[in-house]
Amino acid sequence: MRLVYLGTPQMAVPPLEALVDAGHDIALVVTNPDRRRGRGGATSPSPVKAAAERLGLPVSHRVDDVLDAGADLGVVVAYGRLIKPHVLADLDFVNLHFSLLPRWRGAAPVERALLAGDAVTGVCLMQLEEGLDTGGVYDCVEVPIGADTTADELRHTLVAAGTRLLVERLAAGLGTPVPQDGEVTYASKIDPAELRIDWSAPATTIDRLIRLGGAWTTFRGARVKIHHAEL
């Protein structure tokens, strides 16, 4: 199948590599622009751009370029930007979303599931539409969240499960998406202030925050990060 692929962070690299390995023709990869890192003026590409260049795939930072790619389908994995309505009207897209929709629609589903103490989460292959993660679902895979599971470990497991799901469903045929059913919850981005540890909170709440990563506290007036391995 001739595809366009939209993704940006490291978690979007394995699905791209798997699609190439499965023999799909990746007509174009779209990712966020290069970013300045550190104090100097040098820029570095997104992990997806670096992977695409290594694989010899054409790369763009403009979503509208997919309109000229002659693709049969668009695949979105953690792209980080909304797809414009006129692009959605021209090409069908599927999206790997790392939650069990309609729970945790939005930008930070992995983090919110962990903070909420969910015992299980998952990944859904869904139809992309203008609404925020509102499209019909082709298939889902459940993933348990262990008592000691960190956010990084959970992301790794979800990406592996989602990659298998994507490749298998494209090979077998997507079929007809099923409308989402159930209570809707939203996964807003994590504000840095949310990562501050309140030592008067229940121990389970503090543990989840530390397993999320980036948790911090103050010690003698200084800001100190707390890591899971330190406890």
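Quantities reported herein were computed from a predicted structural model and do not represent experimental measurements.

K.L.:
Let's hear about the state of the cysteines: which residues, and what values?
P.N.:
Applying the stated criterion across every chain yields a total of 1 disulfide. The disulfide that involves Cys124 links it to Cys140, with 2.1 Å between the sulfurs. Between Cys124 and Cys140, the S-S dihedral sits near 100 degrees, and the bridge is therefore right-handed. On the criterion of sequence distance, the pair formed by Cys124 in strand E9 (residues 120-127) and Cys140 in strand E10 (residues 137-144) is long-range, its members being 16 residues apart.

K.L.:
Talk me through the packing of helix H1 (residues 13-21) against helix H5 (residues 151-172); I want residue IDs and the actual numbers.
P.N.:
Across the interface, H1 lies against H5 with an axial gap of 9 Å and an inter-helix angle of 30 degrees. Judged by the angle between their axes, H1 and H5 are roughly parallel. Where H1 crosses over H5, the two elements pack in a sense that is right-handed. Contacts between H1 and H5 involve Pro14, Pro15, Ala18 and Leu19 from the first element and Val159, Thr163, Leu166, Val167 and Leu170 from the second. Considering only residue class, the contact of H1 with H5 consists of 8 nonpolar, 1 polar and no charged.

K.L.:
Could you give an account of the packing of H1 against helix H2 (residues 47-54), naming the residues involved and the relevant values?
P.N.:
Between two packed helices, what matters for the description is the angle formed by their axes and the separation of those axes. It is at 9 Å that the axes of H1 and H2 come closest, and there the two elements cross at 20 degrees. Viewed along their axes, H1 and H2 adopt a mutual orientation that is roughly parallel. When the axes of H1 and H2 are compared, the crossing they make is right-handed. Facing Val13, Leu16 and Glu17 of H1, the residues of H2 in contact are Pro47, Val48, Ala51, Ala52 and Arg54. Looking at the contact of H1 with H2, its residues break down into 6 nonpolar, no polar and 2 charged.

Here is what the cut-offs are and how they apply
- Residues numbered from 1 in each chain as written.
- Predicted model: local features only at pLDDT ≥ 70, side-chain atom pairs only at ≥ 80, totals over all residues.
- Heavy atoms only, no water.
- Disulfide = S-S within 2.5 Å.
- Helix = DSSP H or I, 4+ residues; strand = E, 2+ residues; numbered from the N terminus.
- Axes fitted to C-alpha atoms, helices over the stretch in contact; angles between N-to-C directions.
- Parallel < 35°, antiparallel > 145°, perpendicular 65-115°, else oblique.
- Left-handed = near helix turned anticlockwise from the far one by under 90°.
- Contact = heavy atoms within 4.5 Å.
- Nonpolar A, V, L, I, M, F, W, Y, C, P; charged D, E, K, R; others polar.

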